[in-house]
Each structure stands twice: as C-alpha cells, then as structure tokens.
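Structural features, examined
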Amino acid sequence: MTIRNEAKIERRIQDKTDEMIERLDLGWLDVTNRFLTHRDGQEGVLCEAKTNWEYRRVSFHWNTSSAATALDDEIENAVIHELVHALNAPLYDELSPKMQARLAKNNELATENVARAILAALSK
C-alpha cells in the first residue's frame, strides 16, 4: 500500500517527537520512531510503544495510514501518551501476563491521565 506524502508524514512525527523529548527533558530516553503500514500494525491504532525499559529505550510503532489523516494535536497527544507508557513500563511490564490482562484498562487510563496532565501543563 502506498501512502501519499509518506516522507512528509514521517518528518512531521519525528519533529513532534523531538520537540516533546526536548520540552520534557527526556534526552536520556532513547526514542526511535518506526513507520508501518496498517497491514504491519493494528488498523486504527495510531501508535504503540515497544519498550526495553532496562536500557531506557522505546520504539514508537506508527501506523502511517492513520497518521496520514491525524491532526498535529493528535500526533502530539500520541507522542506524550507513548512517552508516559515508556516511563511506566518498568512497573507494568514486570507483571505476569495474567495480571497485565487484568490491569490493561487501568494501565491505559493511568497513562492517559498522566498524559493529559502533562499536556495541560505544557499548554500554560
């Protein structure tokens, strides 16, 4: 599947990622953006973080099909949300698969609550 302006979409995401890392003073966190088509990732999901928290590394897997229509605010919100996932990963990832399944919604809600607080603080 070919996506129009794919390089422009990737540059926009990388620029927003770099900006948020700088604004949040997270230069010590190794963040890599990977760009996937919807057939490589989950359709409808904008971004997903894959962490190696013990090395302070995270890879953001972007769905370029979804990103192509995302507004700048949506990209910024996704970057912050996934950064919070990266910061919380040492706690959540150490849970057993059974506990992760049980607490998945709690993990998403807590992540989104913190992300919204960060976004609100950045907008002041």
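Preceding this paragraph is the structure being described.
Residues numbered from 1 in each chain as written. Predicted model: local features only at pLDDT ≥ 70, side-chain atom pairs only at ≥ 80, totals over all residues. Heavy atoms only, no water.

Bringing the pairing of strand 3 (residues 57-63) into the picture now. Of all 7 residues that make up strand 3, 6 are buried, and the element is covered over most of its length. The pairing of strand 1 (residues 30-36) with strand 3 spans 7 bridges and is classified as parallel. Following the sheet pairing, T32 is matched in strand 3 by S59. Sheet analysis places strand 2 (residues 47-52) next to strand 3, joined by 6 bridges and oriented antiparallel. Bridging from a neighbouring strand, K50 pairs with S59 of strand 3. In textbook terms, the turn of a hairpin is the stretch between consecutive antiparallel strands, and for strand 2 and strand 3 this stretch comprises 4 residues, one of which, R56, has a positive phi near 55 degrees. (Buried < 20%, exposed > 50% of the residue type's maximum accessible area, 1.4 Å probe, protein only. Helix = DSSP H or I, 4+ residues; strand = E, 2+ residues; numbered from the N terminus. Pairing = 2+ DSSP bridges.)

In this structure, the largest pocket spans a volume of roughly 300 Å³. Together, 17 residues line the largest pocket, and E48, A49, H85, N107 and E108 are the ones closest to its centre. Those elements that provide at least two residues to the lining of the largest pocket are strand 2, helix 3 (72-92) and helix 4 (97-122). It is helix 3 that provides the largest number of residues to the lining of the largest pocket, a total of 7 residues. Here the second largest pocket is characterised by a volume of approximately 160 Å³. Forming the walls of the second largest pocket are V45, L46, C47, N77, A78, H81, E82, E112, R116 and L119. Of all the elements in the fold, those that place two or more residues in the lining of the second largest pocket are helix 3 and helix 4. With 4 residues, the single largest contributor to the lining of the second largest pocket is helix 3. The residue inventory of the lining of the second largest pocket, partitioned by class, reads 5 nonpolar, 2 polar and 3 charged. (1 Å grid on protein atoms, 1.4 Å probe; cavity = no way out; pocket = protein on both sides within 12 Å on 5 of 7 lines; lining within 4 Å. Points joined across faces, edges and corners; volume = space filled by probe spheres on them. Nonpolar A, V, L, I, M, F, W, Y, C, P; charged D, E, K, R; others polar.)

This part is about the sheet that holds strand 3. Spatial strand order, 1-3-2: 3 strands in an open sheet with mixed pairing. Both edges of this open sheet fall to strand 1 and strand 2, since each of them pairs with a single strand only. Neighbour-to-neighbour, the strand axes of this sheet turn through a mean angle of 20 degrees, independent of strand direction. Docked against the sheet, helix 1 (residues 6-23) engages strand 1 and strand 3, running at close to 160 degrees with respect to strand 1. Strands strand 1, strand 2 and strand 3 of the sheet are contacted by helix 3, whose axis makes an angle of about 145 degrees with strand 3. (Axes fitted to C-alpha atoms, helices over the stretch in contact; angles between N-to-C directions. Contact = heavy atoms within 4.5 Å.)

This paragraph deals with unusual backbone geometry. The phi dihedral of D25 is positive, around 55 degrees, even though this residue is not glycine. Positive phi is not limited to glycine here, since R56 has a value of about 55 degrees. One can find R56 in the loop between strand 2 and strand 3.

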